[in-house]
Amino acid sequence: MDFQKLLLEAGNGLRRDEVKALAFLCTDLLGRHLSSVESASDLFSNLADQDLLSAEQPHLLTELLFAIHRPRLVRDLQLTDQVSADRSLISPYRKLLYNLSEELTDPDLKQMKFLLKDTLPRRKLEDHVTTLEVFLEMERMDHISDTHLDILESIIELVCPVLKEKIIQFKAQQAAAPHSGPVAQETSRPRSRTYHFEPSRDPKSLERTSSSEMPEFQPLAKCTVNSSNTSMDYQRPVHCEDEREVLSHGLSHLSTGTSSCVPFKGRTDAFVISQENETTSRNQISQTTSTNTLLRTYPMKAAKRGVCLIVNNYDFSNSGKGLQKREGTMVDEECLHKVFRWLGFEIETRTDCKREEMLSVMQELGSRNHSQTDCLVCCILSHGQEGSVYGVDGGTVTIKELMAPFNGQNCSSLAEKPKLFFIQACQGVREQKAVYIETDGRARSHVRSDAIEVKDSIPSDADFLLGMATVPSFVSFRERKNGTWFIQSLCHNLVQMVPSGCDLVSILTKVNADVSQRTDSSGAKKQMPQPAFSLRKKVVFPIPAAPPPVL
């Protein structure tokens, strides 16, 4: 049967509310922009445009119809009646919300809206607004997500207590996702985890476990946090964010810090607090629970991690501005390529771009459909001046121009997703205790700098991170043989700390600490990196299954 005819028949067999349900289930696939979906044909066309639905790949249609409990329509259309787990494109979280909506009656929905009257806009609580539309608005306002269901769980417990078990089961399934060892491995729907419990064990039983019965943890690694440029090691285990997700059923009063992460081997369904410190520790933890549960994590479960664009400007001999070749930058490019490929990114490299080429590359990348990716990374390695980076022709591009193609207005498929920019360039022409080492363009030294002063460069749009090599007014340094201090520290710390489940801001804090301690051969040169961001959640990269690259 012609596939377009099959889709037409499928659409004709669906009610209007079922079409809306299918659109809801495809929210993540369509980048949360569902305003163009008015009919089944609109939905199918959007999915086909994104290469998610075709005669060769009809699996999504089958999965959608099963999700809304239409197996007879699957048979009538002569589609395969099996949905392979490794081919699933609809998240379990999305299916959970749909199944809850199917179980909630009209009186239940009215009570739910009443409980949310001080949380959601009034127009989103009118009588005609459906349960799925309420869920979408709660997501839009960041009240629920796949890792944050506490608010929804408390509402469901009041409105329809029997449905709370569905949420508990979902959390348990997410927490008990298969791992190949003490450190979570990346799957087709990767999630970053540092903890798991045995699926056969009742999570609620954790509540009854005494401290004397709890096995002692063995730390595999330590992460550091930076305060006032001072590195601090935690000797006592400090748990990562996903502990809340794993242990919420029996130890819901426990929460976690946001800077330090320690993976453990052995049993991870409990932890040891010494008898004399148990009361104090639990009180300290409970005091931070309300704050830490508000800080959630960007989803990292799309079909692809995303694009990592590396713009590496090396040869400035034709710039007409006396700028020299950026010796050592190839070392940076190689390290970035290895690390971000290991993290699951698709690497794209552009070398020796002129001003217009840099603009064109950014605009072309921003015009793509990123709905099937988790995030975006752009690494810019170049000379610069005040507020701009140089093209190899001597033309300049402002940092705002580099970032503009990816904001929510210009690139809707990256809306609500982290956009990460790492700029290897200075923010001024001053050197911190400048002795013997001069800036690029005038100097002959094994350590150079790429001067740029960034004014008003802190991202104004949501979900951006701008990692600068140095603080305002000062240069950053590049070694001819070893690359730049900032990029090398970034790559090494990503390799060391991602397997520990650390979030990106914590990793950049460690980069700050490491680079701040570096000096040139004379012991006189210093550098202090500086991240600026408008992130609303933590960026935690899923732990790759492959071994870390050797840098």
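Residues numbered from 1 in each chain as written. Predicted model: local features only at pLDDT ≥ 70, side-chain atom pairs only at ≥ 80, totals over all residues. Heavy atoms only, no water.

K.L.:
A description of the overall build of the protein should follow, citing residues and the corresponding values.
P.N.:
A tally of regular secondary structure across the protein gives 17 helices and 16 strands. The proportion of buried residues among the 551 residues of the protein is 55%. Put simply, 75% of the contacts in the protein that link residues at least 6 apart link residues at least 24 apart. (Helix = DSSP H or I, 4+ residues; strand = E, 2+ residues; numbered from the N terminus. Buried < 20%, exposed > 50% of the residue type's maximum accessible area, 1.4 Å probe, protein only. Contact = heavy atoms within 4.5 Å.)

K.L.:
Describe in detail a nonpolar patch on the surface, supporting the description with residues and values.
P.N.:
Among the surface-exposed residues, F114, L115 and L158 lie close enough to one another that they form a single nonpolar patch of about 330 Å² accessible area. Take L115: it is sitting in helix α7 (residues 106-115). (Patch = residues over 30% accessible without salt bridge, like charges linked within 9 Å, V, L, I, M, F, W, Y side chains within 5 Å. Areas by Shrake-Rupley, 256 points an atom, 1.4 Å probe, with all protein chains shown as cover. Salt bridge = Lys/Arg side-chain N within 4 Å of Asp/Glu carboxyl O.)

K.L.:
Can you lay out the pairing of strand β7 (residues 373-381) for me, pointing to particular residues and giving the numbers?
P.N.:
Within β7, nine of the nine residues are buried, which leaves it mostly tucked inside the rest of the structure. Bridge count between strand β5 (residues 304-312) and β7: eight bridges; the pairing is parallel. Within β7, the position partnered with G306 by the bridge is C375. In terms of strand pairing, β7 meets strand β11 (residues 419-424) through six bridges, oriented parallel. Residue pairing for β11: I380 is matched across the bridge by I423. (Pairing = 2+ DSSP bridges.)

K.L.:
Lay out the pairing of β5 with the relevant residues and their values.
P.N.:
Burial analysis of β5 places eight of its nine residues in the buried class, the great majority of the element. Of the pairings in the sheet, the one linking β5 to strand β6 (residues 346-351) comprises six bridges and is parallel in character. Bridge pairing in β6 links C308 to I347.

K.L.:
How would you summarise helix α4 (residues 59-67) if you had to cite specific residues and measurements?
P.N.:
α4 sits mainly inside the fold: seven of its nine residues count as buried. By the burial criterion, the buried members of α4 are L60, L61, T62, E63, L64, L65 and A67. Buried positions along α4 lie against α1 (3-12), α2 (16-25), α3 (40-49), α5 (71-76) and α6 (92-103).

K.L.:
Now, about the sheet that holds strand β8 (residues 384-385): what can you tell me, with residues and values included?
P.N.:
Here we have three strands laid out as an open sheet, ordered β8-β9-β10, and antiparallel in their pairing. Each end of this open sheet is capped by a strand with a single partner; those strands are β8 and β10 (396-398). Across the sheet, helix α14 (residues 355-366) is in contact with β9 (388-390) and β10; its angle to β10 comes to roughly 35°. (Axes fitted to C-alpha atoms, helices over the stretch in contact; angles between N-to-C directions.)

K.L.:
Outline the side chain of S88, listing residues and values.
P.N.:
Along the chain, S88 turns up in the loop between α5 and α6. Here the side chain of S88 touches E63 through a polar contact of 2.6 Å, side chain to side chain. Here the side chain of S88 touches I90 through a polar contact of 3.3 Å, landing on its backbone oxygen. (Polar contact = N/O pair within 3.5 Å; in protein donor to acceptor, adjacent residues only side chain to side chain.)

K.L.:
Which residues make up the confidence of the model for the protein, and what values go with them?
P.N.:
The predicted coordinates of low-pLDDT regions are not to be read in fine detail. The pLDDT averaged across the protein works out to 74; a share of 66% of its residues lies at or above 70. Low confidence marks residues 432-445, where pLDDT is under 50. Its contacts with residues over four positions away, or in another chain, come to 44 contacts. (pLDDT = per-residue confidence, 0-100.)

K.L.:
A description of the packing of α7 against helix α9 (residues 150-159) should follow, citing residues and the corresponding values.
P.N.:
To describe two helices that pack against each other, one gives the angle between their axes and the distance between the axes. Where α7 meets α9, the axes come as close as 10 Å, and the angle between the chain directions of the two elements is 130°. Considering their axes alone, α7 and α9 lie oblique with respect to each other. In terms of crossing hand, the pair formed by α7 and α9 is right-handed. The residues of α9 that touch α7, namely those facing D108, Q111, M112 and L115, are L152, I155, L158 and V159. Its residues assigned to classes, the contact of α7 with α9 comprises six nonpolar, one polar and one charged. (Parallel < 35°, antiparallel > 145°, perpendicular 65-115°, else oblique. Left-handed = near helix turned anticlockwise from the far one by under 90°. Nonpolar A, V, L, I, M, F, W, Y, C, P; charged D, E, K, R; others polar.)

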